[in-house]
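# Inside the fold
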Amino acid sequence: RLTDQSTPQAARAAEAHEVLQLAARAGVCPTIGAVNGLIAVHAEAADAAGALAAYERWCCAPMRPNRGTLDALLRACVRGRAAELSGRVCRLAAEHNLPFGDRLHAQLVLAHTATVDAAAGSRRRAVMKAAIRHFEAGSERGVRWSGAACRELLRVCAEHGREVDVTRLFERMQAGGGDAGLAAGTAL
């Protein structure tokens, strides 16, 4: 159930839920594409909790989530500034043995940086440290970082991370080359 149905996106999500409920009452099981679409509507509404609830309600055996599911859930975490919920998306990927490619790693970092902007105090520091850990772990696995993820991570660390070694982070991005190296070069 959406907490705020006053926006057009929230109203669309409520309508999409109703369509799936009507189909279920008629004995029609939704496809993973329909579920992903519903999750995407929640992402547009910046409703990460609603996106995860939609997944849990509608994606059931024998249906399996796919990379589109993960992408839509992580977009909801970014827009909803809900890094805490992104951990459930990571567990979901592991449970279903889904590859967590470069784009999804970038979405994960962006979910954390968006949450840093909305958080305060010790929560802000914890989320920022988690973003850096995700970045470093991804770098160890050879993730080719997007420019957007690098710029946002450097920005929040520069703005909010007094104890963060931004120079070390910058050098790590430069070493990664590609979009990450270019973004790091233009971000500072």
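What this report covers is the structure whose coordinates are included nearby. (Residues numbered from 1 in each chain as written. Predicted model: local features only at pLDDT ≥ 70, side-chain atom pairs only at ≥ 80, totals over all residues. Heavy atoms only, no water.)

### Here's the deal with helix α4 (residues 67-79)
Its 13 residues place the ends of α4 18 Å apart at the C-alpha level, agreeing with the 18 Å of an ideal helix rising 1.5 Å per residue. Put simply, Asn 66 is the residue that caps the front of α4, since its side-chain oxygen is 2.9 Å from the backbone nitrogen of Gly 68. (Helix = DSSP H or I, 4+ residues; strand = E, 2+ residues; numbered from the N terminus. Expected span 1.5 Å × (residues − 1). Polar contact = N/O pair within 3.5 Å; in protein donor to acceptor, adjacent residues only side chain to side chain.)

### Digging into the packing of aromatic side chains
Within the structure shown, the criterion is met by one aromatic pair. Sitting above the plane of the Trp 58 ring, Arg 57 keeps its charged end 3.8 Å from the centroid. (Phe/Tyr/Trp six-rings, centres within 6.5 Å; stacked < 30°, edge-to-face > 60°. Lys NZ or Arg CZ within 6 Å of the ring centre and 35° of its normal.)

### Observations concerning the nonpolar core
Ranked by size, the top nonpolar core spans 52 residues in total, and within it Ile 39, Leu 70, Leu 73, Phe 135, Leu 153 and Cys 157 carry the most contacts. Elements with a minimum of two residues in this core: α2 (32-44), α3 (48-58), α4, α5 (83-95), α6 (102-118), α7 (121-140), α8 (147-160) and α9 (166-176). The contacts of Leu 153, once residues within four sequence positions are left out, are Val 109, Thr 113, Ala 131, Ile 132, Phe 135, Leu 169 and Met 173. (Core = buried A, V, L, I, M, F, W, Y, C linked by side-chain atoms within 4.5 Å. Buried < 20%, exposed > 50% of the residue type's maximum accessible area, 1.4 Å probe, protein only. Contact = heavy atoms within 4.5 Å.)

### Some remarks on the environment of Asp 165
Positionally, Asp 165 belongs in the loop between α8 and α9. In this structure the side chain of Asp 165 is engaged in a polar contact, spanning 3.3 Å, whose partner is the backbone nitrogen of Thr 167.

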